[in-house]
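Take a look at the letters that make up each chain.
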Amino acid sequence: MAEEDSATDYVIRVLNSPLQLSAEVWNSLLALQPDASPFMRYEYLAALHHSGSATPATGWKLRLVTVWLGDVLQAACALYIKSHSYGEYVFDWAWANAYQQHGVPYYPKAVVAAPFTPVPGARLLARDGESRAVLVQALVAWCEQEELSSLHVLFANPVDVTACADAGLMLRHTVQFHWTNKEPGYRDFDDFLASLAHDKRKKIRQERRKVAYAGVTFRHAQGRAITPQDWDFFYRCYERTYLEHGNAPYLSRDFFQRMADTMPEHWLLFVAEREVQGVKIPIATSLIAVSADSACASGLKDTQPLVAYGRYWGALERVDCLHFEACYYQPLQWCIAHGVTRFEGGAQGEHKMARALLPVKTTSAHWLAHPAFADAVERFLEREGAGIAGYMDDLAQRSPLKITPPAQTS
């Protein structure tokens with residue numbers, strides 16, 4: 001679809017495939033955004049599409065909504081037409097049930113998101129505020145034209161949230177848990193532990209000892225140092241974790257092969273091993289995404305923060321506290337050693353606070369075409385928002401950080 005805004009020279013084009021836009025054009029626009037993550041890179045979205053992980057067959061029909069001035073891409077986003085609500089992590093099942101009870105279809109709906117990836121960041125890529133506002137207006141107009149029930153912009157960054165709110169979309173808040181390095185950075189893991197309350201520090205040391213006493217050691221590899229055998233073992237663990245919970249994995253082995261081929265510098269793999277008759281046997285893995293290759297960190301640190309993202313894990317053996325070591329302590333130790341600014345632990349998980357990942361409010365924006373349901377959802381979000389605020393206040397009272405006594409005044 002191509003449509004020209006009569007008040008300006010903006011042209012709106014809705015593309016049906018990543019092949020209709022080059023990686024260079026998309027990634028150049030992404031690079032201009034605050035909070036740009038690897039999960040909005042062209043290669044990531046294309047891998048989801050071409051591997052069969054996020055396609056119409058799995059309930060994710062991709063559209064690239066683009067705004068042009070002449071031959072210059074001014075704004076763009078990845079929109080998915082959804083036939084379900086899986087893989088989003090902002091839960092609207094109650095909304096869908098309410099629609100069904102009243103005989104009104106909730107699906108298909110539109111979602112602007114990185115599929116299966118609850119990482120906050122840029123969603124509405126734009127060169128300036130005006131083109132971002134045009135993009136939001138184009139999204140709502142296109143959803144109305146396609147007779148979709150709703151539009152959901154998930155885990156958006158502050159500039160996207162402001163643009164959505166200015167356009168009349170409703171805001172919804174959820175809570176995640178992120179670890180933040182101190183300035184100028186912890187010296188080592190023990191220095192980090194020293195910042196925690198005594199009971200939390202003691203608990204972490206006990207959990208790490210349990211893994212060590214079980215004879216488990218770790219190695220890690222980043223980028224092209226992750227071998228095909230490592231990727232195969234990771235996928236075996238990843239798939240098993242999903243199957244043990246009664247679900248097929250969202251992502252295919254081909255998707256991870258495409259990650260290894262097209263953006264390897266953004267991946268860090270930890271492998272847990274146990275020695276058997278003098279041979280180290282892998283038993284578990286955790287896969288971490290990083291905003292940039294640590295080898296490039298010195299060149300990037302002055303311009304943008306280095307961020308790591310906890311993503312996937314799996315184990316073939318059960319070892320007490322192995323999950324905490326693989327998913328938190330090993331990554332945090334690596335983050336400290338490499339000067340990483342922030343480690344995002346993923347969606348939900350209040351237990352992460354005991355590992356010094358502190359609560360952070362994340363925001364999504366929502367538009368519903370049906371006026372009565374929009375009114376009902378707006379009232380619901382007001383109540384839910386008050387609950388989230390209270391929850392954040394409660395979590396703040398349970399901080400794992402050491403309490404610093406107030407400075408003495410003379």
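Everything discussed here concerns the structure shown above.
The sections below set out a description of the structure shown in this document. What you are looking at is a predicted structure, and each value in this text was computed from that prediction instead of being measured.

### Describing the pairing of strand β3 (residues 60-69)
The buried fraction of β3 amounts to eight of the ten residues, a majority that puts the element mostly inside the structure. Pairing geometry for strand β2 (residues 10-15) and β3, over six bridges, is antiparallel. What sits directly across from I12, in β3, is V67. Relative to strand β4 (residues 72-82), β3 runs antiparallel, the two being bridged by ten bridges. Counterpart to R63 in the pairing with β4 is L79. As consecutive antiparallel partners, β3 and β4 are separated by two residues, and within that stretch G70 has a phi angle of approximately 65°, a positive value.

### Observations concerning the pattern of salt bridges
Scanning all chains against the criterion turns up 22 salt bridges. Measuring nitrogen to oxygen at the nearest pair gives 2.9 Å for the salt bridge that ties R253 to D232. One end of the pair, R253, is in helix α9 (residues 253-262); the other, D232, is in helix α8 (residues 228-244), with 21 residues separating them in the sequence. Each of the salt bridges in this network shares a partner with another, and the network as a whole consists of K82, E88, D92 and K109.

### What to know about the side chain of S85
Within the secondary structure, S85 sits in the loop between β4 and α3 (93-101). Given a relative accessible area of 4%, S85 falls into the buried group. Polar side-chain contacts of S85 include one of 2.7 Å to the side chain of D92. Within the local environment of S85, its side chain forms a polar contact with the side chain of K109, the two groups lying 2.9 Å apart. When near neighbours in sequence (up to four residues on either side) are disregarded, S85 contacts D92, W93, Y107 and K109.

### Section: the packing of aromatic side chains
According to the stated counting rule, one finds 31 aromatic pairs in the structure shown. For the pair Y99 and F373, a centre-to-centre distance of 4.0 Å together with 25° between the ring planes defines the contact as stacked. A residue pair is termed long-range when its members are at least 10 positions apart, and Y99 in helix α3 and F373 in helix α12 (residues 371-396) qualify at 274 residues. Over the ring of F39 we find R311; its NZ or CZ atom is 5.6 Å from the centre of that ring. Here R311 stacks its cationic end above the ring of Y312, 5.0 Å away from the centre of that ring.

### Focus on the nonpolar core
Ranked by internal contacts, the top residues of the largest apolar core, which has 51 residues, are W26, Y44, F234, F256 and W267. Counting 31 residues, the second-largest nonpolar core is a separate cluster that includes V112, A138, C143 and A365.

### A word on a nonpolar patch on the surface
Judged by side-chain polarity, Y86, F91 and W93 come together as a nonpolar surface patch covering roughly 320 Å² of accessible area. On the accessibility criterion, F91 (42% relative accessible area) is partly exposed.

### Quick notes on unusual backbone geometry
Cis rather than trans, the peptide bond between Y107 and P108 has omega equal to 5°. Between E183 and P184 the backbone carries a cis peptide bond, its omega angle lying at 5°. Relative to the assigned elements, P184 resides in the loop between β8 (170-180) and α6 (189-193). Despite not being glycine, Y89 has its phi angle at roughly 70°, a positive value. By the element assignment, Y89 lies in the loop between β4 and α3. For F116, which is not a glycine, the phi torsion comes out positive at approximately 60°.

### Details of the packing of α3 against α12
Remark: α3 packs on α12, axes separated minimally by 12 Å, with the N-to-C direction vectors making an angle of 145°. Crossing of α3 against α12: the hand is right-handed. Residues W95, A98 and Y99 of α3 form the contact with α12, whose own contacting residues are F373, V377, F380 and L381. Split by residue class, the contact of α3 with α12 holds seven nonpolar, no polar and no charged.

### With respect to the packing of helix α1 (residues 23-30) against helix α2 (residues 42-50)
Where α1 contacts α2, the axes come no closer than 9 Å and their chain directions differ by 125°. Between α1 and α2, the angle is such that the two are oblique. Residues A23, W26 and N27 of α1 pack against Y42, E43 and L45 of α2. Looking at the contact of α1 with α2 residue by residue, the classes come out as four nonpolar, one polar and one charged.

Calculation criteria
- Residue positions are counted from 1 within each chain, in the order its sequence is given.
- Two thresholds apply to this predicted model, a pLDDT of at least 70 for residue-level local features and 80 or more for giving and counting side-chain atom pairs, whereas whole-chain, interface and lining totals are computed over all residues.
- Side-chain measures were taken over the full set of non-hydrogen atoms in the model, leaving aside hydrogen atoms and water.
- The classification of residues rests on relative accessible area computed with a 1.4 Å probe and restricted to protein chains. Under 20% of the type maximum is buried, over 50% is exposed, and intermediate values are partly exposed.
- Numbering of helices and strands starts at the N terminus; helices are DSSP runs of H or I of at least 4 residues and strands are runs of E of at least 2.
- The pairing criterion for strands is at least two bridges between them, as found by DSSP.
- Salt-bridge detection follows one rule: a side-chain nitrogen of Lys or Arg within 4 Å of a carboxyl oxygen of Asp or Glu.
- Under this definition, polar contacts are N or O atom pairs within 3.5 Å; protein pairs additionally need one hydrogen-donor-capable and one acceptor-capable atom, and for neighbouring residues in sequence, both atoms have to be side-chain atoms.
- Contact criterion: two residues are considered in contact whenever any of their non-hydrogen atoms come within 4.5 Å of each other.
- Under the pairing criterion, centres of Phe, Tyr and Trp rings, with the six-membered ring standing for Trp, must be within 6.5 Å; the plane angle then separates stacked pairs below 30 degrees from edge-to-face pairs above 60, leaving the rest tilted.
- Note on geometry: a ring has a charge over it if NZ (lysine) or CZ (arginine) is within 6 Å of the ring centre and within 35 degrees of the ring normal.
- Here the nonpolar core consists of buried residues drawn from Ala, Val, Leu, Ile, Met, Phe, Trp, Tyr and Cys, with membership extended through side-chain atoms lying within 4.5 Å.
- Patch definition: residues with relative accessible area over 30% and no salt bridge; like charges joined within 9 Å; nonpolar side chains (Val, Leu, Ile, Met, Phe, Trp, Tyr) joined within 5 Å.
- Here the accessible surface of atoms and residues is derived via Shrake-Rupley with a 1.4 Å probe, and residues count as covered only by protein chains that are part of the display.
- Under this scheme, a helix contributes an axis fitted over its contacting stretch, all axes are lines through C-alpha atoms, and angles between N-to-C directions fall in the 0 to 180 degree range.
- Here a crossing is called left-handed whenever its near helix is offset anticlockwise from the far helix by less than a right angle, and right-handed whenever the offset is clockwise.
- The classification used treats Ala, Val, Leu, Ile, Met, Phe, Trp, Tyr, Cys and Pro as nonpolar, Asp, Glu, Lys and Arg as charged, and all other residues, Gly among them, as polar.
- Angular relationships are summarised with four words: roughly parallel below 35 degrees, roughly antiparallel beyond 145, roughly perpendicular across 65 to 115, and oblique for the angles in between.

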